[in-house]
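Listed here are the chains, written in short residue letters.
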Amino acid sequence: MASSISVHYLGHSCFHITTPRAKILIDPFLTGNPKAVAKAEDVQCDFILVSHAHADHFGDAVAISKRTGAMIIASYELALFAGSQGAKVHPMGCGGGKDFSFGRVQLTIAHHTSSVDGPGGSVMVGAPVGFLITVEGKVIYFAGDTALTMDMQLLGDRKPIDLALLPIGDNFTMGPEDAAEAVRLLKPKLSVPMHYNTFEMIQVDPEIFVREAGKHGYKVNVLSPGNRLSLP
Ligand code: NI
Ligand code: MN
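Residues numbered from 1 in each chain as written. Chains lettered and ligands numbered in written order. Predicted model: local features only at pLDDT ≥ 70, side-chain atom pairs only at ≥ 80, totals over all residues. Heavy atoms only, no water.

### Re the coordination of the nickel ion (ligand 1)
So, step 1. Looking at the nickel ion (ligand 1), one finds its protein donor set to be H52 (NE2), H54 (ND1), H112 (NE2) and D145 (OD), positioned 2.2 to 2.3 Å from the metal centre.
So, step 2. Bound by four donor atoms, the nickel ion (ligand 1) shows angles of 89 to 178° at the metal and therefore irregular coordination geometry.
So, step 3. For the nickel ion (ligand 1), all donor residues lie on one chain, and their spacing in sequence is H-x1-H-x57-H-x32-D.
So, step 4. Separation of the nickel ion (ligand 1) from the manganese ion (ligand 2) amounts to 3.0 Å, with D145 serving as a shared donor to the pair. Each member of the pair, H52 as well as H54, carries the same accessibility label: buried. (Donors = N, O, S within 2.8 Å, 3.2 Å for Na, K, Ca; no water. Tetrahedral: all angles 85-135°; square planar, octahedral: opposite > 155°, others 65-115°. Buried < 20%, exposed > 50% of the residue type's maximum accessible area, 1.4 Å probe, protein only.)

Structure, rendered in structure tokens:
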């Protein structure tokens, strides 16, 4: 049977998810991303989920929202910040969930920061989050940028996760060993690494993640930018 959900990896932490009801873009950092396989001007979507304000996630969100009319879903302060720039937005708070036309989105805890760089330095804009996305009966967990945290065990214990999208790049987020430990807590059917090898500071061998998660029986699919997977 043909799958109803397609997950297209556009590079770094950017994914384009197509369901029968919507096109959902996550963390659109395309302009200035050396690994991006799509141009911000070409992407079509109905919703844009943004995990935090850092440029390698918030990136093209406002421009794409203004061009397509897509709604940005983000934590409160970041949503209002995007709204002040002309984007269509829906603010949420960490732990909160909401049913949208395509499915449910719940904001999850991410241990990280969320800031924009200005002339005087970095200014915090909202809390960093991840997303638990329920579409067409499938559960996708997008961790955002985060450290390994026991909060992941709660997520793994409560609802079977079909796909976990996890940062492995180290330096700013979990590295591959911690990400493998995250997999043990989350117990997803499939994991995909993200947020690595885009820049010098996050050079990592994804095979370490594959090996360490594999030791505990968990399956990892390493996608190159441009690759797609279908949720069966
Ligand atoms: Ni970040
Ligand atoms: Mn980042």
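Let's pick the thread back up.
### Some details on the nonpolar core
So, step 1. Core analysis: the biggest nonpolar cluster contains 31 residues, and F15, L49, F102 and L163 have the highest contact counts within it.
So, step 2. Broken down by element, this core gets its largest block of residues, four residues, from strand β11 (residues 129-135).
So, step 3. Dropping the residues within four chain positions of it, L49 is found in contact with I24, L25, I26, D27, P28, I73, V105, F131 and I133. (Core = buried A, V, L, I, M, F, W, Y, C linked by side-chain atoms within 4.5 Å. Helix = DSSP H or I, 4+ residues; strand = E, 2+ residues; numbered from the N terminus. Contact = heavy atoms within 4.5 Å.)

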